[in-house]
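Residue-level structure breakdown
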Amino acid sequence: MTRRWRLAAVLVALSTVPLRAAAPSPHQRFREAADLARSGDYPKALAAYRELAESGPESASLYWNWAQAAAGRGAQGEALWALLRARELSPGDSAVGREIARVREGLNLDPAEIAPEPLAGLGRFCRRFQLGALGLALAVLSLAFHLLARLTPTRRWPLTAAGASLTLGLLLAALPLLAARARPTAVVMRRGAPLLDAASVAGQQLAALREGEVVPVLETSHDFLRIEDSSGARGWTADEDLRRLDRPPQR
C-alpha cells in the first residue's frame, strides 16, 4: 500500500471515532443542578452542588441553592451548614440571615448554639465593611496629613488629623488580625451523632450531638475531629458527621 493510500485509510478511521463531548461549564452544571432539584432528584442535585464547590469558585448563590436542595431532602443540618457557608461568603446578605434563623428555629437551636465563636462574628463584620482596606486607607491619609503639616507648619490641625487617622487606621487594621484567631468551627450533620472519648469507632460515647449545632474544632486525628459541644463537653466525632465552615467541602 502506498503512503497516500495509508494516509487515506488513517483519515477514514479517525473520522469514524465519535467526538468526545465538551465538558459542561460551571454555569451549565449549576443550571443542571437547579433543574435536578426542581424535579425532586435531590441526591443528584446535592452531588452536583458539591462537585461545583470542590472545583471552585464558591459563591453564596451556590450554597443558597444547596441549602434548598438539602432542605427538600430533609437534611436540615446540611441545609443550615450551606446557609452558614453562604453567610461566610456574603456576610451582608439579609435573605441568608433570615433563612438561617428559620432553619435554626426548625431545628430547635438557640442562637448561641450556632455561634460558639464570637471572633468569627467579628471576622464577618470586618469582611462586610472591608475594615482592613479602610484601615490601610486611613494610614495613607495620615501620611497625607503629615505632608500637609510640613507644608503649613503654622497650622496645627493637619498634625492632629494625622495622629487621629493613623490611630483609627491601626485600630481597624488590628480587628481582622484579632478575628483571624477564631477557632475553626463545624456543623453537626446528623441527629444523635456520637461524641466519643477517643478518636476511634470503639470509643465510649459521652453524649449525642444535636443536628445543626455549630461546634469549635479543637484538634484533628485522621478521620476524627475533637470538638466542644454547647454544654462544654469535649470529645471526638467522626468527620463524616461534621462539616467545617472555614473551608469548602473536601474531596
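Okay, so let's go over this structure. (Residues numbered from 1 in each chain as written. Predicted model: local features only at pLDDT ≥ 70, side-chain atom pairs only at ≥ 80, totals over all residues. Heavy atoms only, no water.)

**Quick word on the overall build of the protein chain**
Scanning the protein chain from terminus to terminus reveals 9 helices and 7 strands. Taken along its principal axes, the extent of the C-alpha atoms in the protein chain is 95 × 65 × 35 Å. A buried classification covers 34% of the 251 residues belonging to the protein chain. In the protein chain, once contacts between residues fewer than 6 apart in sequence are set aside, the share between residues at least 24 apart is 57%. (Helix = DSSP H or I, 4+ residues; strand = E, 2+ residues; numbered from the N terminus. Buried < 20%, exposed > 50% of the residue type's maximum accessible area, 1.4 Å probe, protein only. Contact = heavy atoms within 4.5 Å.)

**Structural notes on unusual backbone geometry**
Look at Asn-108: it is not a glycine, yet its phi comes out positive at around 60 degrees. Taking the relative accessible area as the measure of exposure, Asn-108 reaches 58% and is therefore exposed. In this model, Gln-130 sits at a positive phi of 50 degrees, which is unusual for a non-glycine residue. Mapped onto the elements, Gln-130 comes out in the loop between helix H7 (118-128) and helix H8 (131-151).

**Observations regarding the pairing of strand E4 (residues 214-221)**
Bridging between strand E1 (residues 185-188) and E4 involves 3 bridges; their strand directions are antiparallel. Bridge pairing in E4 links Thr-185 to Pro-216. Inspection of the sheet shows E4 paired to strand E5 (residues 224-228) by 4 bridges, in the antiparallel sense. Pairing of Glu-219 across the sheet is with Arg-226, part of E5. Linkage of E4 to E5, two consecutive antiparallel strands, is achieved through a turn of 2 residues, within which His-222 is found at a positive phi near 55 degrees. (Pairing = 2+ DSSP bridges.)

**Quick word on the environment of Ala-75**
Inspection of the secondary structure puts Ala-75 in the loop between helix H4 (60-73) and helix H5 (76-89). Linking Ala-75 and Val-217, residues 142 residues apart in sequence, is a C-alpha distance of 22 Å. What Ala-75 contacts, discounting residues up to four positions off in sequence, is Ala-70 and Glu-211.

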